[in-house]
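Residue-level listing of the chains:
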Amino acid sequence: MTTEPQVPSLTQIQNQPRAHVPGTTIFSPELAARFDHLVTLYPVRRSALIPMLLYAQDELGYITDASIQEIAYRISITPLEVRNVLSYYSLLRTRPVGKYHVQVCTNISCMLRGANELFAHCKQRLGIDHKQTTPDGIFSLEEVECIGVCSWAPAVQVNYDFHDNLTAESMDAVLDQYRKQAGK
Ligand code: FES
C-alpha cells in the first residue's frame, strides 16, 4: 500500500527551524561586516532586507537557499518571509545567470524603436532564449520591463551597465566587448 506524501501546512513551513548556525556566515568577512552595520541604520531591522538581498546577489551571483536562511536570521524574520519578497522583485534571482546578464527592455518606448527585433537578434546571436545561459556561462539573456532609459530607446542593461540607442550592429559591438572582457 502506498501512502500519499504529506504536504506541510503554511504554519509548519513558517515554523521550520532555521538552518543558519548563529555565529557563522556564508558571506565574505567584508559583506558580513557590512550587514552587521546595515541593520543598525534602520529603526526596524527588516528594512535592511532588500539591500541585503542585492548585496548578497552581487557577491554570490544569485540568492541561494543558505543566504535566505542567514538573511532571515540576521533580521529576525522567517525564510518564508524572505522568499515572499524575493518572488516579488524580478531583479532578484534565485538561479545562477551568466557572467554578463543581458536584459533587453521590450516595453512600449523600446518596442516602438525596434526592441522586439533587437531581442530576436540577441537570441540569434547568443544562441539562447529568454532566461537561458550560454554553454560557456558568459552570457545569459532576459526580456525585461522598462529599465528607465525610455528617452534613449531601445535600451539594454548588462549587469549594472546601460546601453542605449541600440541597433543590431551596435548590440553586436556591445556583446563583443563583454566577450573580450571575459577573455573569450
Ligand atoms: S521602455 Fe525601455 S527603457 Fe523604458
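Quick summary incoming for the structure in this document. (Residues numbered from 1 in each chain as written. Predicted model: local features only at pLDDT ≥ 70, side-chain atom pairs only at ≥ 80, totals over all residues.)

Remarks on helix 3 (residues 49-60)
In this model, helix 3 (12 residues) spans 16 Å end to end at C-alpha, consistent with the 16 Å of a helix rising 1.5 Å per residue. Buried within helix 3 we find Leu49, Met52, Leu53 and Ala56. The buried residues of helix 3 all sit within an arc of 100° when viewed along its axis, so they share a single face. Structurally, helix 3 contributes buried residues whose contacts are with helix 2 (29-38), helix 4 (65-74) and helix 5 (79-88). At the C-terminal side of helix 3, glycine 61 shows a positive phi close to 95°. (Helix = DSSP H or I, 4+ residues; strand = E, 2+ residues; numbered from the N terminus. Expected span 1.5 Å × (residues − 1). Buried ≥ 20, exposed ≤ 12 C-beta atoms within 10 Å, placed from the backbone. Arc of directions from axis to C-beta. Contact = placed C-beta atoms within 7 Å.)

A short note on the nonpolar core
In terms of nonpolar packing, the biggest core is built from 17 residues, with Val102, Val104, Ala115, Leu118, Cys122 and Val156 touching the most fellow members. Of all the elements in the fold, those that place two or more residues in this core are strand 1 (100-105), helix 7 (115-126), strand 3 (139-144) and helix 8 (168-181). Excluding residues within four positions of it along the chain, alanine 115 makes contact with Val104, Cys105, Thr106, Cys110, Ala153 and Pro154. Residues Phe27, Phe35, Ala48 and Ile75 belong to the second largest nonpolar core, which totals 13 residues. (Core = buried A, V, L, I, M, F, W, Y, C linked by C-beta atoms within 7 Å.)

Quick word on the pairing of strand 3
Here 6 bridges tie strand 1 to strand 3, and the two strands are oriented parallel to one another. The partner of tyrosine 100 across the bridge, within strand 3, is phenylalanine 139. Sheet topology places strand 2 (residues 132-133) next to strand 3; 2 bridges connect them, and they run antiparallel. Across the sheet, residue threonine 133 finds its bridge partner in strand 3, namely serine 140. Hairpin geometry of strand 2 and strand 3 is characterised by an intervening segment of 5 residues between the two adjacent antiparallel strands and by a positive phi of about 75° at glycine 137. (Pairing = 2+ DSSP bridges.)

Some words on the packing of helix 2 against helix 3
How two helices pack is summed up by the angle between their axes together with the distance between the axes. Axis separation between helix 2 and helix 3 bottoms out at 11 Å; the angle between their running directions is 175°. With respect to their mutual orientation, helix 2 and helix 3 come out roughly antiparallel. Together, Leu31, Arg34, Phe35 and Leu38 of helix 2 and Pro51, Met52, Tyr55 and Glu59 of helix 3 make up the contact between the two elements. Along the lines of polarity and charge, the residues of the contact of helix 2 with helix 3 split into 6 nonpolar, no polar and 2 charged. (Axes fitted to C-alpha atoms, helices over the stretch in contact; angles between N-to-C directions. Parallel < 35°, antiparallel > 145°, perpendicular 65-115°, else oblique. Nonpolar A, V, L, I, M, F, W, Y, C, P; charged D, E, K, R; others polar.)

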